[in-house]
Amino acid sequence: MRAADLINIKLMKCGGIHNALKIISIAEACGVECMLGSMIESKLSVTAAAHLACAKRNITRFDLDTALLLAEDPVIGGIKNEAPTLIISDKPGLGIDRIEGLKNL
């Protein structure tokens, strides 16, 4: 029906990366572009969303700046926001060094 030109996917609303990949695959099969957005969440989940955005061709836009709105973000490492660019760490995994206040991470 071509009812949508763009789908905005939020990991926290769709149930995580696994469900987001299902949505992205369906959209790709239908020729629909996707955008990754976020809610008020820490840099941990925003970093995961940024990695997903880099991995899928039909994710053409992102709005992943919500960690900047937090008074404090305990996540050390991960993406760097140098608006309008997000810089992905070259460290293993998501590039998270630690979460302040948590031991043995």
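Criteria and cut-off values
- Residues numbered from 1 in each chain as written.
- Predicted model: local features only at pLDDT ≥ 70, side-chain atom pairs only at ≥ 80, totals over all residues.
- Heavy atoms only, no water.
- Helix = DSSP H or I, 4+ residues; strand = E, 2+ residues; numbered from the N terminus.
- Polar contact = N/O pair within 3.5 Å; in protein donor to acceptor, adjacent residues only side chain to side chain.
- Contact = heavy atoms within 4.5 Å.
- Expected span 1.5 Å × (residues − 1).
- Pairing = 2+ DSSP bridges.
- Axes fitted to C-alpha atoms, helices over the stretch in contact; angles between N-to-C directions.
- Salt bridge = Lys/Arg side-chain N within 4 Å of Asp/Glu carboxyl O.
- Buried < 20%, exposed > 50% of the residue type's maximum accessible area, 1.4 Å probe, protein only.

Engineer: How do you make sense of the side chain of Ser 38 when you look at a structure like this?
Structural biologist: Secondary-structure assignment places Ser 38 in the loop between strand 2 (33–37) and helix 3 (43–55). At a separation of 3.3 Å, a polar atom in the side chain of Ser 38 contacts the main-chain carbonyl oxygen of Asp 63. If we skip the residues at most four places from it in the chain, Ser 38 touches Lys 10, Val 46, Asp 63, Leu 64, Asp 65 and Thr 66.

Engineer: What exactly am I supposed to notice about helix 2 (residues 17–29) here?
Structural biologist: Working note: α-helix, 3.6 residues per turn, so residues spaced by three or four point in the same direction. Look at helix 2: 18 Å from first C-alpha to last across 13 residues, which is about the 18 Å you get at 1.5 Å a residue. Of the surrounding elements, those touching the buried residues of helix 2 are strand 1 (6–10), helix 1 (11–14), strand 2, helix 3 and strand 3 (59–63). Looking one or two residues beyond helix 2, the residue adopting positive phi is Gly 31, at roughly 75°.

Engineer: How do you make sense of the sheet that holds strand 2 when you look at a structure like this?
Structural biologist: Either a parallel or an antiparallel arrangement is found when strands of a sheet pair, and the pairing is made through backbone hydrogen bonds. Pairing is parallel in the open sheet, where three strands are placed in the order 1-2-3. At either end of the open sheet lies a strand with only one pairing partner, and these are strand 1 and strand 3. Each neighbouring strand pair of the sheet contributes to a mean axis angle of 25°, computed without reference to strand direction. Both strand 1 and strand 2 contribute to a ladder of five bridges, which runs parallel. By the bridge assignment for strand 2, Asn 8 is matched with Met 35. Strand contacts of helix 2: strand 1, strand 2 and strand 3, with the helix running at about 170° to strand 1, the strand carrying the most contacts.

Engineer: Got a minute to help me understand the pattern of salt bridges in this structure?
Structural biologist: Side chains bearing opposite charge may pair, as long as their charged atoms lie close to each other. Considering all chains together, one arrives at three salt bridges under this definition. The residue Glu 33 makes a salt bridge to Arg 61 at a minimum N-O spacing of 2.8 Å. Here Arg 61 lies in strand 3 and Glu 33 lies in strand 2, a separation of 28 residues in the sequence. One salt bridge in this structure joins Lys 91 and Asp 97, with 2.7 Å as the shortest N-O distance. Looking at Asp 97, the relative accessible area reads 38%, which means it is partly exposed.

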